[in-house]
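Chain residues, written in single-letter form:
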Amino acid sequence: MRNVAIVAAGITKFGVREASWKDLVQEAGKAVFDDCPNLDRKDIDSLFVGAAQPERWVYQTHVAPLVAELLGIDVRRVIARTEIACASGQAAIRYAWLSIATGLSDVALVLGVEKMNTKFMPLSQTCMVNVGNREFDGPNGFTAPPFFAMVAQRHMHNYGTTKEQLALVRVKNAKYGAMNPYAQFQKEVSVEKVLGSRMISPPLTLLDCSAMTDGAAAVILASEEKAKELTDTPVWILGGAQSVLHSHTVNQFGELSEWLGLRKAAKEFYSLTGLSPDKIDFAEVHDCFTISEIIEYEELGFCKKGEGGKFIEEGDSYIGGKIAVNPGGGLLSNGHPLGATGIRQAWEVVMQFRGEVPKDRYVDGAKVAMTHNLSGMAQLHHIMGYSTEKPKEIKFGR
Amino acid sequence: MRTIKLPDSVELPTLLDPFDQQEPSGPDATGIYDFYRNLAEGDLTTTKCKDCGKLNFPPVIVCPNCLSDNLEWVRIPEVGELYAFSVMALGVPAIIDGYAPFVVAIARFGNYPDEGIQISGIIFDSKYEELKIGDKVKWEIVEIQGPGEKKRYWYCFRKI
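Quick summary incoming for the structure in this document.

The rules behind these values
- Sequence order as written defines the numbering, with residues in each chain counted from 1.
- As a convention, the first chain written is A and the first ligand written is 1, with the rest following in written order.
- The model is predicted, so local features are restricted to residues of pLDDT at least 70 and side-chain atom pairs to those at 80 or more, both for listing and for counting; the totals for chains, interfaces and linings are taken over all residues.
- Processing note: side-chain calculations cover all non-hydrogen atoms of the structure and skip hydrogens and water entirely.
- In DSSP terms, a helix is any run of H or I states spanning at least four residues, a strand is any run of E spanning at least two, and both are numbered starting from the N terminus.
- For a compact globule the rule gives 2.2 Å times the number of residues to the power 0.38, and the radius of gyration it is set against comes from C-alpha atoms.
- The cut-offs for exposure are 20% and 50% of the maximum accessible area for each residue type, with area from a 1.4 Å probe on protein chains only; residues under the lower value are buried, those over the upper are exposed, and the others partly exposed.
- By nonpolar core is meant a set of buried Ala, Val, Leu, Ile, Met, Phe, Trp, Tyr and Cys residues that side-chain atoms within 4.5 Å join together.
- Note on definitions: a residue-residue contact is assigned when non-hydrogen atoms from the two residues lie within 4.5 Å.
- What goes into a patch is any residue over 30% in relative accessible area without a salt bridge, connected to like charges within 9 Å or, for nonpolar side chains (Val, Leu, Ile, Met, Phe, Trp, Tyr), within 5 Å.
- All accessibility values rest on the Shrake-Rupley procedure with a 1.4 Å probe; residue burial counts only the protein chains present in the view.
- Whenever Lys or Arg places a side-chain nitrogen within 4 Å of a carboxyl oxygen from Asp or Glu, that contact is recorded as a salt bridge.
- Two N or O atoms count as a polar contact when they lie within 3.5 Å, although within protein this holds only if one can serve as hydrogen donor and the other as acceptor, and sequence-adjacent residues are included solely when both atoms are side-chain atoms.
- The term buried area means the drop in 1.4 Å probe accessible area that two parts suffer when joined, counted for both and summed.
- The classification used treats Ala, Val, Leu, Ile, Met, Phe, Trp, Tyr, Cys and Pro as nonpolar, Asp, Glu, Lys and Arg as charged, and all other residues, Gly among them, as polar.
- We treat two strands as partners when DSSP finds at least two bridges between them.

### Topic: the overall build of chain A
- Of regular secondary structure, chain A possesses 14 helices and twelve strands.
- Its C-alpha atoms give chain A a radius of gyration of 19 Å, near enough to 21 Å, the size a compact globule of 398 residues would have.
- With respect to the principal axes defined by its C-alpha atoms, chain A has extents near 55 × 45 × 40 Å.
- Counting only residues that meet the buried cut, chain A has 67% of its 398 residues in that class.

Rendered as structure tokens:
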């Protein structure tokens, strides 16, 4: 297996954009190529496109070749589009990594994009129902907000987590988001403001939720040999894990406050990479809702099960705390264009390692980072590890 | 100049109609059609594996637990327990948008997870504030009318 590095990263402004899906692809594509002046586009042999529902939101299918056309790329090794709902982006990075590590590809463009704000929002919202089991949970209106609201209700019921603790997650991520010029929301908020914002699905208010967002992000991955030619600041991939526990419909989930799939993915990730939470300088995790981040602290092993609320209350997930979580502002500030989110997380890692972020959200001296991206009703989890230092060996399995 | 005339209106797109599997002669004919027929006759049912004994939900034609296709239809116990609930107010699927806001819940029927199921459902007749975890609920059948003359069936929960 070969070492693989991210050699360039680019992003668009996230938000409700007056830009088409194709505009977003071109913006992110131009940004990533501008970030890699030593690269001849002819060297790109593979293309991976993370896109969750272009068929429904912009009525376009066969999107990977369209991205190749829009960015003037000729692919000769691997071209693929990944769809795993909210985790489509990190999946694209994972498969590009595998392709290069095994020697099939040398240089790959990985681009994630979603255009979620459309002329007919009831249709856009209905597309979100179809992430769940369409004919069984769909007719009951089972979209993400009520599902994660019930997750929060169960976590409060089982562990005594409070609405104030949920709100504190937003307060932290809004603080860092306010320093991220690409984020959809760039305003700091108070606990009172979160608690007093419009109720969406109790106990979750508007500010407990991430948004429907338009945006795109891209990274270029290269083999060790190629990476040396392309950049002085490679971001090495340490490894990753994915999990899903034969679970899609509510019936298979079991207890909502226990994310057994994430627990399993974390165990696998730490075992494969040799990492442990104390060796990770910061984590970009999937805070689609405030409760998600609290459970992620627990299942990723940052704190004991049930103590996620206390973890944020004591400031342990701030920069300078036990482990900095979402110094980029998370999904709560950035918004959540499904196919782009996992790649936006990788973009943040690259910018942090290079020190190209504002001082007050810079994790000074960070060498090891983790990204976590989930999908659907938290059935599926991806974790990847990144470092400024080249790993001695890459383990795909034991 | 040549003109092209578009239709004045288009039918409800399938995307917005989660009940379309209920029409067995259509393109979405399904091996679990008995589920819908039983709903129309007043019963909420699902499949149970006759080999490994696993109760499946949603119903299936092959048991995901042991891959047997030796399945039988069983009635879901009528009374269950409220496990979790919230409210659907914004971003409601287009077809049921007119009912919002409503309570959406998960209830457990039978002895979950070994010999029971947990399923989602709407509670139309209780407010969020009137409910608590552990409340007894029962399922009941809902008639879905329209578009046009169509009649189809679903279920919801009611607090008892």
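We are not done yet, so read on.
### Notes on the nonpolar core
All names here are of chain A.
- The biggest cluster of nonpolar side chains holds 68 residues, and the ones touching the most others in it are Phe148 and Phe302.
- Considering every element that reaches this core, the biggest residue donor is helix α6 (residues 144–159), with eight residues.
- When neighbours within four sequence positions are excluded, phenylalanine 148 is seen to be in contact with Leu204, Trp259, Cys288, Phe289, Ile291, Ser292, Leu374, Gly376, Met377 and Ala378.

### Thoughts on a nonpolar patch on the surface
- A cluster of nonpolar residues, Ile61, Val62 and Leu67 of chain B, forms a patch on the protein surface that exposes about 310 Å² of accessible area.
- Secondary-structure assignment places valine 62 of chain B in the loop between β1 (45–49) and β2 (71–75).

### Quick look at the side chain of asparagine 326 of chain A
- Mapped onto the elements of the fold, asparagine 326 of chain A is located in the loop between β10 (324–325) and α13 (330–334).
- In this structure, asparagine 326 of chain A is in contact with Lys172, Asn173, Tyr176, Ala283, Glu284, Val285, Asp287 and Glu293 of chain A, ignoring residues within four places of it in sequence.

### Structural notes on the side chain of aspartate 135 of chain B
Residue and element names in this part refer to chain B.
- Looking at where aspartate 135 falls in the secondary structure, it is placed in the loop between β5 (115–123) and β6 (136–145).
- Residue aspartate 135 is classed as buried on the basis of its relative accessible area of 6%.
- Looking at aspartate 135, its side chain comes within polar contact range of the main-chain nitrogen of lysine 132, at 2.9 Å.
- The residues touching aspartate 135, leaving out its near neighbours within four places in the chain, are Gly80, Glu81, Leu82, Glu130 and Lys159.

### Here's the deal with the interface of chain A and chain B
- With 39 residues of chain A in contact, the opposing surface of chain B contributes 42 residues.
- Taking both partners together, chain A and chain B bury about 3,400 Å²; carbon and sulfur atoms supply 61% of that area.
- Per-residue buried area on chain A facing chain B is highest for Phe136, Asn140 and Asn251 of chain A; these three make up 22% of the total on that side.
- Counting every contact that joins chain A to chain B gives zero salt bridges.
- Where chain A touches chain B, the interface holds 16 residue pairs in polar contact (both at pLDDT 80 or more).
- For the side of chain A that touches chain B, the elements supplying multiple residues, two or more each, are α5 (121–129), α6 and β5 (199–201) of chain A.
- Considered class by class, the residues forming the side of chain A that touches chain B number 17 nonpolar, 15 polar and seven charged.

### Focus: the pairing of β1 of chain B
Residues and elements named next belong to chain B.
- For β1, the buried fraction is high: four of the five residues fall into the buried class.
- Bridge count for β1 against β2 is five bridges, and the pairing is antiparallel. When the bridges of β2 are listed, cysteine 49 appears paired with leucine 71.

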